[in-house]
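Okay, here's what each chain looks like letter by letter:
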Amino acid sequence: MLIPLLQASPWALFIGRFHPVLVHLPIGFLLIAALIEIGRRTGKISVSESTVVFVLFWSAVSATFACIAGYLLSLGGGYDEDLLGAHMLKGIGVAVFAWVAWIVKSDWLAGKISFGKAVYLPAFAVAVVLTMTAGHDGGSLTHGDGYLTQYTPEPFRSLAGMDPIQEKAKEIKPITDVQQAVVYKDIVQPILEARCTQCHNASKKKGDLRMDELALLMKGGENGPVLVPGKGAESDMIKRCLLDESDDNHMPPKGKPQLSTEQIALLSWWIDQGAPVDKKVAELTVSDQVKPALASLGGGSATGGAGGAKQKESAIATLKVSPAKEADIQAMRKAGLIVNTLSQDQNLIEVSAVNAPKFSDKDIALLLPVAEQITWLKLGGTQITDSGLKEIAKLKNLTKLHLEHTGVTDQGIAQIKSLPHLEYLNVIDTKIGDAGLKNIATIKGLRSIYVWQSAVTDSAVAQTARQNKGLQIVNGFSAAEVAQFLKAGDSTVTKPVATTKK
Amino acid sequence: MEKLLKELQYADLHRQTRRHFLQSAGFGLGALGLGSLLGSCGASNAGTNVSGNAAAAKIPQFAPKAKRVIYIHMAGAPSQLELFDYKPELVKYHGQDCPAEFLEGKKFAFIQGVPKMLGPQGKFAQYGQSGAWMSDYVPYLQTVADEITFLKAMHTDQFNHAPAQLLMHTGSARLGRPSLGAWSVYGLGSENQNLPGFIVLASGGQQPDAGKSVYGSGFLPSVYQGVQCRTGGDPVLYVSDPSGMNRDMRKQTIEAINEINRQTYEDVKDPEILTRISQYEMAFRMQMSVPEVMDVSKEPQFILDMYGVKPGEGTFAMNCLLARKLVENDVRFVQLFDWGWDGHGTSKDHNVEGGLRQKCRESDQPIAALIKDLKMRGLLEETLIIWGAEFGRTPMQENRNGLVMPFMGRDHHLDAFTMWMAGGGVKQGYSHGETDELGYYGAKDRVHVHDLQATILHLMGFDHEKFTYPFQGRNFRLTDTEGKVVKQVIA
C-alpha cells in the first residue's frame, strides 16, 4: 500500500493535490500560537499555558500532514529543483521545530528535560520564521518567481533596484503585414506564450519541458521530443492539442484557455515547413489549409467559402442571459408552444409554434416576458401578421426567425430590421418583396434569407447578394431549373462541374 | 408516494415494451400518447427522465447545430471504391494477387485464400469548388458536391451485416441498446405532437438484416423507438377508418371507450388504463396527420420530377420526398433504409458493376434532390443528412469458396469505407481522412463508428460522455466508453 504511494501514482497525486489545502493549517495555527504567547507574556491577555501548547500540538500535526502531502505532490514533477528543495527543507523544519516546542512543554516531558525552558522559545520562533519563508517559496513554486513583487509600484520599485514593470505577453497582437512576418518570432512564439509557457517555462517546467525558447522546445521533455521538424501531424505537441479536451493527454489541460483551430493549423504548418527560426511567411509554401489561419492573423476574420472553411461562430455563443421565469415558460407551453432551453450554460430558449397553428398577433404578449431569452423563434404557418412583427422586434436576442407560410409583408419585415443579432430569416411563401429583402439585408450579422415562393424577384436576389457579401439569399427552384438539374443524369452531359483544385 | 408512482410508471413502461410495442408500428405510435399522459400524472421531467413524455426535452450541453436528422442507410453496403474513394493505384494492381500483408491475420466474410485485386469500375473526376472526388455512378450528387463533408477513412469492428448495422445505429454489435434516433428524441424531445418524433421508412424490398432493433429504443422508454411507416397504401396499418364508419362516429366511439376507461381508472387507479386512453387519442389524431403528411399528391409536378417519383410508388425516391415532408413538419429523426447494396458479385443485381449502377440510378437523383429541396426551404442548415452503410467493400475481388464469381464483386470490408454528411452544422465541401493507395486501410484521420456517433450527438448539442441513461445499475451512453468528436468536420 505504501510503496506505490511513494511513486507518482494516481493515489500519490490525489493526496498530493491536498497540499495547498493542508498547508494553510500549520501557518494559521502557528501564528495564532505565537500571537497568544506574545499576548500572554506581555500580560495583555490571560490564557493558560496549556492553550498555547494545545494549539502548538495541532500546528505540529498539521505541519506533518502538509509535509507528507507536499512530498507526494512533488512526485508529479514539473517544479524548479532548487526552489523545491529549499521549500521542502523549510517545510520539514517547521514540522520538526513545532514538535520540539510542543514536546518540551507537554505534560509528560515538561518536567523531565532540564533544558526544556531554554529550548522552547527559540524552537517556537524558528518554526514561525520557517513557516513564513517556506510559505513564500511555495508561492514562488506555484505562481512563479517574483510573483509577489511583480507589480511593485514606483517609487518603491526603483528604490528596490527593480526593472520597470514588463507586461506579460497575453493575447496575440494583429500582424500588419502577414507575408513579411517571421514565422517563429511573430506567429509561433506569441501563440506559445499565450497558451503554453505558463507551465512550460524556466521555473515551472511541467513534464520537464520548456517552450519559452526554441532550442529548449526542440529538446523536448520527459516523453522525448515534442516536435518532429517537417512532420506537424506526427509531432507530439500538435497531437496533444488535437486530442479530445477530456483526454488526460490533451494540452493545454482541461479548463485552461485552449488553442483555436487556426492556431493549431499555424503551429502544425510551421513544423511541416521544418520549424525554421528566421524564415518569413513569404519564404515558405503556404498551403490552402493554412491560408484562412494566416488571414486571421491580420486582425480581420477569415472569410469562409469553399474548401470547408469554418463558418463564423453564431452570436448565440456569446449571448448570456438570466434564466426565464418558470411561470412564463409554463404560460407559453399552455398555449401549445414548444419551449426548450438551448444549452446548459446560457439560458437562451427556442420557441416553436409547430403545434399551435392558430397562434396569432395577440398571442405574442406571451413571448414578451421572455423577450431577452428567446433566440430561436418558429412561427411558420401561423396566423401572425405585420402588426405582430412590431412586437417581435422587441426580442432583441433573436438569431433565428421562421415566418414561412404566413401573411407578413414588406411593411412588417421593415419593423424587425433593428434586431441586432438576427442570422437566419425564413420568409418562403410570404408576400415579402424586393423592398423587404433590401430592407432586411441591412442587418449586419444576417447570414441567410430564404425567399422561395415570395414576391422577391431573381434580379433583386442577385443585386442584394452582390451588395451584401457574407449574406446567403436562397431562392427556390422553378420548373425550368429542375429540368436543368435533371440533365445531370444524362450521361452525355456529365462533365466535371468545376476545374480541379490543388 | 411520488416514488411509488414513478416505480409504477417504470414497471408499466417495461410491460408495454414487451407486450405491445415491439410487435406493431401502429401500437408504437400509440406509445407517444403515453408521453402526454404520464406528463399529466405529475411525474417530473427533470434529471433522468423516466416519465416517458416524448415531448419533454433535456437541456443540451451546447446549442444544437442540427435540430433534425435524416439518416440514409444503404443496407448491404455499397462500394466506396466505385463511388467516392478514388484509387488510381488500384487500377495498376487490377487482376494481381492480393499482397500477403493484407491477408495476414485477417478474416473476411467470404474471401478465401489469395484473392485478386479489383480496380475501380467508375470514372472519377473532381467536382465543385471543393474538388470532391466522385464517380460517374453518382452524376446527380456531383451537382451538390459543395454541400457535402466526406469521411473517407471510416472503420468499424464488425464484418457481418446485422452486427455491423447494430453497431452503427446503437453503438453496440449486440441487441438491447437504444438507436441513435431514439437517443435523439430522448434528448431533444419530439416537436410535432401529431407525429412520432422518430420515423423509419424502408425500401429495396427487404428490411435491414438487423431487423427492428436498429431503430429500437433499447432500454429507453418505448415512446422513443422508431415508428416504421409504409410508403405505399396506408402509411400506418389500421389507423384509417373502417369502411362504413365516418370520422364523427369513430370519434364518438373513442370518446365512449375512453369515458368507460376513465371511470375504471377512478376505481382501480391503474396507470395502464391512462396509457390506453391516450393511445386511443393519439391514434385518433394520427388518423388525420399521418395520411396528410405522407400524401405527396399535392406536391407540384416539378418537385415530383426533381425526386423522380410517381404518387403511389413505394420507392427509395418516394422515401426521400417523404423525409423532406417529415422534417418540414418537425419530425426529429427520419431514418431511411434502402436494401440491396450488397455487391458480392453473386448475381446480376448484386455486384459492383451493373447492379451497383442500377442501385445508384434509383437513389442518386432523389438524394441530390433532397439536399437541394431542403436547402431552398431553409431546412438544410438545421437538418443533418447522414449517408452511409454498415461497412465498406474490399479492394480485392471476392472469390467465394475460392471460385471466380460470375460478376465483379467485393467482399465486406471493415478497415476503410466512406460516409458523408451534409447540412446541420457540418462543413460545406470538405473531405476528412484518406485511405492508403489501394484503399485498404485508413491512412490519415480515421474515424470509428463511435467517433461518428459522438460527432452526430455533438452536432445535436450533446456531449456524448454526459448524455446518459441509467439502466441496470449504471449509466449508459450511445458511444459506451469510446468515441471522440471529429471536430474537423464541424462548421
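Residues numbered from 1 in each chain as written. Chains lettered and ligands numbered in written order. Predicted model: local features only at pLDDT ≥ 70, side-chain atom pairs only at ≥ 80, totals over all residues.

For chain B, an unreviewed UniProt entry supplies the name Sulfatase and the organism Dyadobacter endophyticus.

From N to C terminus, chain A includes 19 helices and seven strands. Residues counted as buried form 34% of the 502 residues belonging to chain A. Restricting the contact set of chain A to residue pairs at least 6 apart, pairs at least 24 apart contribute 59%. (Helix = DSSP H or I, 4+ residues; strand = E, 2+ residues; numbered from the N terminus. Buried ≥ 20, exposed ≤ 12 C-beta atoms within 10 Å, placed from the backbone. Contact = placed C-beta atoms within 7 Å.)

Here we come to the overall build of chain B. Secondary structure assignment for chain B yields 13 helices and 17 strands. Residues classed as buried in chain B amount to 60% of the 491 residues present.

With that settled, the discussion passes to the sheet that holds strand E4 (residues 400-402) of chain A. Residues and elements named next belong to chain A. Read across the open sheet, the seven strands follow the order E1-E2-E3-E4-E5-E6-E7; overall the sheet is mixed. The open sheet terminates on both sides in strands that have one partner only, identified here as strand E1 (338-341) and strand E7 (472-474). Going across the sheet, the axis of each strand differs from the next one's by a mean of 10°, ignoring polarity. Where E1 lies against strand E2 (residues 349-352), four bridges are found, and the strand directions are antiparallel. In the strand pairing of E2, Val339 is matched with Val351. (Pairing = 2+ DSSP bridges. Axes fitted to C-alpha atoms, helices over the stretch in contact; angles between N-to-C directions.)

Once that is clear, we can look at the confidence of the model for chain B. Residue and element names in this part refer to chain B. In this model, chain B carries an average pLDDT of 86, and 88% of its residues clear a pLDDT of 70 or more. This stretch, residues 18-52, has a pLDDT under 50; its non-local contacts, to residues over four places away or in other chains, come to 81 contacts. The ipTM value of the predicted complex is 0.82, and its pTM value is 0.68. (pLDDT = per-residue confidence, 0-100.)

Below, the discussion takes up the interface of chain A and chain B. Residue-level contacts link 38 residues of chain A with 44 residues of chain B. Of all elements in the fold, only E1, strand E6 (448-450) and helix H19 (479-486) of chain A reach the threshold of two or more residues within the side of chain A that touches chain B. Counting residues per element, the side of chain A that touches chain B draws most heavily on H19(A), at four residues. Tallied by class, the residues present in the side of chain A that touches chain B amount to 18 nonpolar, 16 polar and four charged. (Nonpolar A, V, L, I, M, F, W, Y, C, P; charged D, E, K, R; others polar.)

Residues and elements named next belong to chain A. Residue Pro252 follows Met251 across a cis peptide bond; omega there is -10°. Checked against the element boundaries, Pro252 lands in the loop between helix H11 (236-242) and helix H12 (261-272). You will see that Asp429, though not glycine, has its phi angle at about 55°, which is positive. Note that Asp429 resides in the loop between strand E5 (424-426) and helix H17 (434-440).

Taking the UniProt record as the reference, the feature "transmembrane region" (unreviewed entry) is found at residues 20-39, 51-72, 84-103 and 115-135 of chain A. Across residues 20-39 of chain A one finds 95% helix and 0% strand; the C-alpha atoms that close the span lie 29 Å apart. (UniProt positions renumbered as here; feature names shortened; annotations may be inferred.)

Our next topic: the nonpolar core. Of all hydrophobic cores here, the largest spans 134 residues; its most connected members are B:Ala323 and B:Ile386. Discounting residues that sit within four places of it in the chain, B:Ile386 has contacts with B:Val69, B:Tyr71, B:Ile72, B:Met419, B:Met421 and B:Ile456. With 49 residues, the next largest nonpolar core counts A:Leu342, A:Val370, A:Ile384 and A:Tyr450 among its residues. (Core = buried A, V, L, I, M, F, W, Y, C linked by C-beta atoms within 7 Å.)

As a further point, take the environment of A:Gln189. All names here are of chain A. Secondary-structure assignment places Gln189 in helix H9 (residues 183-195). Its 20 C-beta neighbours within 10 Å are what place Gln189 among the buried residues. For the pair Gln189 and Asp212, spaced 23 residues apart in the sequence, the C-alpha separation amounts to 7.8 Å.

Here the focus is the packing of helix H11 (residues 316-328) of chain B against helix H12 (residues 354-376) of chain B. Residue and element names in this part refer to chain B. Here H11 crosses H12 at 15°, and the two axes come no closer than 8 Å. Here H11 is positioned roughly parallel relative to H12, judged by the angle of their axes. Here H11 and H12 pass one another in a crossing that is right-handed. Mapping the contact onto sequence places Phe316, Ala317, Cys320, Ala323 and Arg324 in H11 and Glu362, Ser363, Pro366, Ile367, Ala369, Leu370, Asp373 and Leu374 in H12. (Parallel < 35°, antiparallel > 145°, perpendicular 65-115°, else oblique. Left-handed = near helix turned anticlockwise from the far one by under 90°.)

So, on to the packing of helix H5 (residues 49-75) of chain A against helix H6 (residues 81-105) of chain A. All names here are of chain A. It is the contact of H5 with H6, at a shortest axis distance of 8 Å, that shows an interaxial angle of 155°. By the angle class used here, H5 and H6 are roughly antiparallel. Classified by chirality, the crossing of H6 by H5 is left-handed. Counted together, Glu49, Val53, Leu56, Phe57, Ser59, Ala60, Ala63, Thr64, Ala66, Cys67, Gly70 and Ser74 of H5 and Leu84, Met88, Gly91, Ile92, Val94, Ala95, Ala98, Trp99, Ala101, Trp102 and Lys105 of H6 form the full contact between these two elements. Counted by class, the contact of H5 with H6 contains 16 nonpolar, five polar and two charged residues.

The next thing to look at is the pairing of strand E9 (residues 392-397) of chain B. All names here are of chain B. Here E9 lies mainly inside the structure; six of its six residues are buried. As paired strands, E9 and strand E10 (residues 410-413) are joined by three bridges and run antiparallel to one another. Each bridged residue has a counterpart across the sheet, and for Gln397 the counterpart in E10 is Arg410.

A few words now on the confidence of the model for chain A. All names here are of chain A. The predicted model of chain A has a mean per-residue pLDDT of 84, with 90% of residues at 70 or higher. Low confidence marks residues 299-310, where pLDDT is under 50. Its contacts with residues over four positions away, or in another chain, come to 27 contacts. In the predicted structure, residues 492-502 sits below a pLDDT of 50 and forms 18 contacts with residues beyond four places in sequence or in another chain.

All names here are of chain B. One can find Glu89 in helix H4 (residues 88-92). The sequence separation of Glu89 and Asp436 amounts to 347 residues, and the corresponding C-alpha distance is 9.7 Å. Discounting chain neighbours no more than four positions away, the residues touching Glu89 are Glu437 and Leu438.

Residue and element names in this part refer to chain B. Within the fold, Asp97 resides in the loop between H4 and helix H5 (100-103). Given 13 C-beta atoms within a 10 Å radius, Asp97 is considered partly exposed. Residues Asp97 and Pro115 lie 18 residues apart in sequence; the distance between their C-alpha atoms is 6.0 Å. Aside from chain neighbours lying at most four places away, what touches Asp97 is Val114 and Lys116.

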